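Structural overview
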Amino acid sequence: MGKGDQKSRRGKIIIGSSGVRRPKSSKSKALVKVEAVEKIKTVAEKPKAEPKPKVKVAEPVAITETEVAVTPEKVVKKAVKKVKEEAAE
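All figures in this text were calculated on a predicted structure; none of them were measured in a lab.

Observations regarding the overall build of the chain
For the chain, the helix and strand inventory stands at 3 helices and 0 strands. Sequence-ordered secondary structure for the chain, helices as α and strands as β, is α-α-α. For the chain, buried positions account for 3% of its 89 residues. A total of about 9,700 Å² of accessible surface is found on the chain, and carbon and sulfur atoms cover 59% of it.

Listed below in structure tokens is the structure:
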């Protein structure tokens, strides 16, 4: 009779069961019930989380005009000349 025997006291302790050879005590049941009731009460007493504030969406802004920057022809011609001179050197 040892740890593997389901009918012996030691075997029931190892397996974690109870029965005729190792009955459960009535005191342990009462303690378990009291602890369970206390746990349920503490869970019920916890305050609920506050809801997050709703985000307001900004209204879209209408674009009326678009600006395009135009460079004068003289500036463009000077830049092209500089690039060509640097490439020639």
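Here we look at the environment of Ser17
Within the fold, Ser17 resides in the loop between helix H1 (9–15) and helix H2 (26–45). Looking at Ser17, the relative accessible area reads 27%, which means it is partly exposed. Taking C-alpha positions, Ser17 is 8.7 Å from Gln6, a pair spaced 11 residues apart along the chain. Not counting the four nearest positions on each side in its chain, Ser17 is found in contact with Lys12 and Arg22.

Looking at a positive patch on the surface
On the surface, Lys74, Lys77, Lys78, Lys81 and Lys82 cluster together to form a positively charged patch. By the secondary structure assignment, Lys77 is in helix H3 (residues 73–88).

Here's the deal with the side chain of Ser8
Counting through the fold element by element, Ser8 comes out in the segment before H1. Residue classification places Ser8 among the buried positions, given a relative accessible area of 12%. Reaching out from Ser8, the side chain makes a polar contact with the backbone oxygen of Asp5 at a distance of 3.3 Å. Among the polar contacts made by the side chain of Ser8, one reaches the main-chain amide nitrogen of Gly11 at a distance of 3.2 Å.

Focus on the confidence of the model for the chain
Summing up the model confidence of the chain, the mean pLDDT is 75 and the portion of residues at 70 or higher is 78%. The spread of mean pLDDT over the elements of the chain runs between H2, the lowest at 68, and H3, the highest at 85.

Points about H3
The end-to-end C-alpha distance of H3 is 23 Å, a good match for the 22 Å that 16 residues give at a rise of 1.5 Å each. Burial analysis of H3 places just 0 of its 16 residues in the buried class, a small minority of the element.

Analysis parameters
- Residues numbered from 1 in each chain as written.
- Predicted model: local features only at pLDDT ≥ 70, side-chain atom pairs only at ≥ 80, totals over all residues.
- Heavy atoms only, no water.
- Helix = DSSP H or I, 4+ residues; strand = E, 2+ residues; numbered from the N terminus.
- Buried < 20%, exposed > 50% of the residue type's maximum accessible area, 1.4 Å probe, protein only.
- Areas by Shrake-Rupley, 256 points an atom, 1.4 Å probe, with all protein chains shown as cover.
- Contact = heavy atoms within 4.5 Å.
- Patch = residues over 30% accessible without salt bridge, like charges linked within 9 Å, V, L, I, M, F, W, Y side chains within 5 Å.
- Salt bridge = Lys/Arg side-chain N within 4 Å of Asp/Glu carboxyl O.
- Lys, Arg positive; Asp, Glu negative; His and termini not counted.
- Charge placed at Lys NZ, Arg CZ, Asp CG, Glu CD.
- Polar contact = N/O pair within 3.5 Å; in protein donor to acceptor, adjacent residues only side chain to side chain.
- pLDDT = per-residue confidence, 0-100.
- Expected span 1.5 Å × (residues − 1).

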